[in-house]
Amino acid sequence: MEILVCVKRVPDTAENEIEVNGSGSDIERDDLVYSVNEWDNYAVEEAIQIRDKVGGSVTVVTVGDDESEEVLRREMAMGADNGLLLCDDAFEGSDGKGVATLLKAAVEKGKYDLILTGAQADDGAAQVGGMLAAMLDYPYASLVNKIEVADGKLKVGREIEGGNQEMNEIQLPCVLSIQTGINEPRYVGIRGIRKVASVEIPQFGAADLGVDAAMVGAAGARVKRVDYFVPEMGEGAEMLEGSTEEIVAKLIELLKAKGGLK
């Protein structure tokens with residue numbers, strides 16, 4: 001099975017204190033530590049496990065600048081076979097539709113049976129996977145937390161409202177957006193990183209992909225970021241002190257005063 005996994009380089013929130021810049025147009029990006037998007041990491045692990053069971057190859061692709069190559073190498077060190085970097089100044093400022101347009105062009109340059117994305121990335125819109133499937137006219141499932149391969153089709157489990165599980169059968173080729181928790185991504189060691197350090201990663205610009213530069217990037221974006229801001233803090237929590245009985249009594253009094261109990 002030929003699998004393509006879409007990944008993204010994002011700020012590592014565990015390693016950074018995220019602050020809004022002075023103009024409110026973006027976050028402060030100087031000196032940020034970056035890593036692979038968490039959801040995408042689960043998608044790559046799932047692709048590797050499927051390949052190991054049924055054969056084939058795993059290719060990771062990202063839209064970004066030259067520094068995004070580090071994310072591809074990290075996933076190749078994890079076990080992916082190939083990497084593709086979609087890199088062009090014209091791609092900067094792409095909205096979800098623009099990114100999906102670029103990924104569609106990459107899919108059409110290869111022959112892939114399965115395309116995986118993370119359920120969402122750093123902007124939280126959770127839209128690229130669905131847009132990509134629609135553009136390709138492929139079947140699509142989101143929030144996938146289980147995949148079984150059987151006779152040219154897949155059985156996929158989806159996390160739905162209320163903590164319930166939904167099982168579906170889906171034909172190949174298809175697009176799936178992967179939820180965290182579907183597996184346990186493997187550790188990437190220094191040896192693996194060194195092994196892929198000199199591997200050539202092809203780069204594709206707008207001309208290589210056959211994409212009109214005016215349809216992607218900031219020029220083609222229909223959704224534009226207007227403002228970033230930090231919400232105002234409320235009055236904060238009121239800490240109750242005393243024994244368990246005293247705290248319970250105070251809590252009941254507060255709930256009655258607030259109209260929560262009668």
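This structure is a prediction, so every number in the text was calculated from the model and none was measured.

A.B. asks: So, the overall build of the chain: which residues are in play, and what are the values?
C.D. replies: Within the chain, the secondary structure is distributed over eight helices and 11 strands. Counting only contacts in the chain whose residues sit at least 6 apart along the sequence, the fraction spanning at least 24 positions is 69%. With the model as given, the accessible surface of the chain reaches about 15300 Å², and the carbon-plus-sulfur share is 48%.

A.B. asks: Before we move on, can you summarise the packing of aromatic side chains with the specific residues and values?
C.D. replies: Inspection of the entire model under this criterion finds zero aromatic pairs. Positioned over the ring face of tyrosine 34 is arginine 9, at 3.9 Å from the centre of the ring.

A.B. asks: Run through the pairing of strand 8 (residues 153–160), naming residues and quoting values.
C.D. replies: Every other side chain in a regular strand lies on the same face of the sheet, so the side chains alternate between the two faces. Here six bridges tie strand 7 (residues 140–150) to strand 8, and the two strands are oriented antiparallel to one another. Considered in strand 8, the bridge of valine 149 is made with leucine 154. Where strand 7 folds back on strand 8, the antiparallel hairpin that results is connected by two residues, among which aspartate 151 adopts a positive phi of roughly 55°. As paired elements, strand 8 and strand 9 (residues 164–171) share eight bridges and run antiparallel to each other. Within strand 9, the residue paired with lysine 155 across the bridge is glutamate 169.

A.B. asks: Now, about the side chain of aspartate 40: what can you tell me, with residues and values included?
C.D. replies: The topology assignment puts aspartate 40 in helix 1 (residues 38–54). It turns out aspartate 40 is buried and unbridged, and the closest side chain with the opposite charge, lysine 8, is 8.0 Å from it. Reaching out from aspartate 40, the side chain makes a polar contact with the backbone nitrogen of lysine 8 at a distance of 2.9 Å. Filtering out sequence-adjacent residues up to four positions away, aspartate 40 remains in contact with Val5, Cys6, Val7, Lys8, Glu75, Thr117 and Gly118.

A.B. asks: Got a sec to walk through the pattern of salt bridges? Specific residues and values, please.
C.D. replies: For the structure on display, the rule yields 11 salt bridges. Across the pair glutamate 69 and arginine 73 runs a salt bridge, and its minimum N-O distance is 2.9 Å. Residue glutamate 69 and its partner arginine 73 are both found in helix 2 (residues 69–78); the two are separated by four residues, about one turn of the helix. Comparing glutamate 69 with arginine 73 shows no difference in burial state: the two are buried. Put simply, glutamate 75 and arginine 74 hold a salt bridge, and the shortest N to O gap is 2.9 Å. One network of salt bridges, in which partners are shared, links Arg9, Glu67 and Glu70.

The rules we used
Residues numbered from 1 in each chain as written. Predicted model: local features only at pLDDT ≥ 70, side-chain atom pairs only at ≥ 80, totals over all residues. Heavy atoms only, no water. Helix = DSSP H or I, 4+ residues; strand = E, 2+ residues; numbered from the N terminus. Contact = heavy atoms within 4.5 Å. Areas by Shrake-Rupley, 256 points an atom, 1.4 Å probe, with all protein chains shown as cover. Phe/Tyr/Trp six-rings, centres within 6.5 Å; stacked < 30°, edge-to-face > 60°. Lys NZ or Arg CZ within 6 Å of the ring centre and 35° of its normal. Pairing = 2+ DSSP bridges. Buried < 20%, exposed > 50% of the residue type's maximum accessible area, 1.4 Å probe, protein only. Lys, Arg positive; Asp, Glu negative; His and termini not counted. Salt bridge = Lys/Arg side-chain N within 4 Å of Asp/Glu carboxyl O. Polar contact = N/O pair within 3.5 Å; in protein donor to acceptor, adjacent residues only side chain to side chain.

By themselves these figures say nothing about function.
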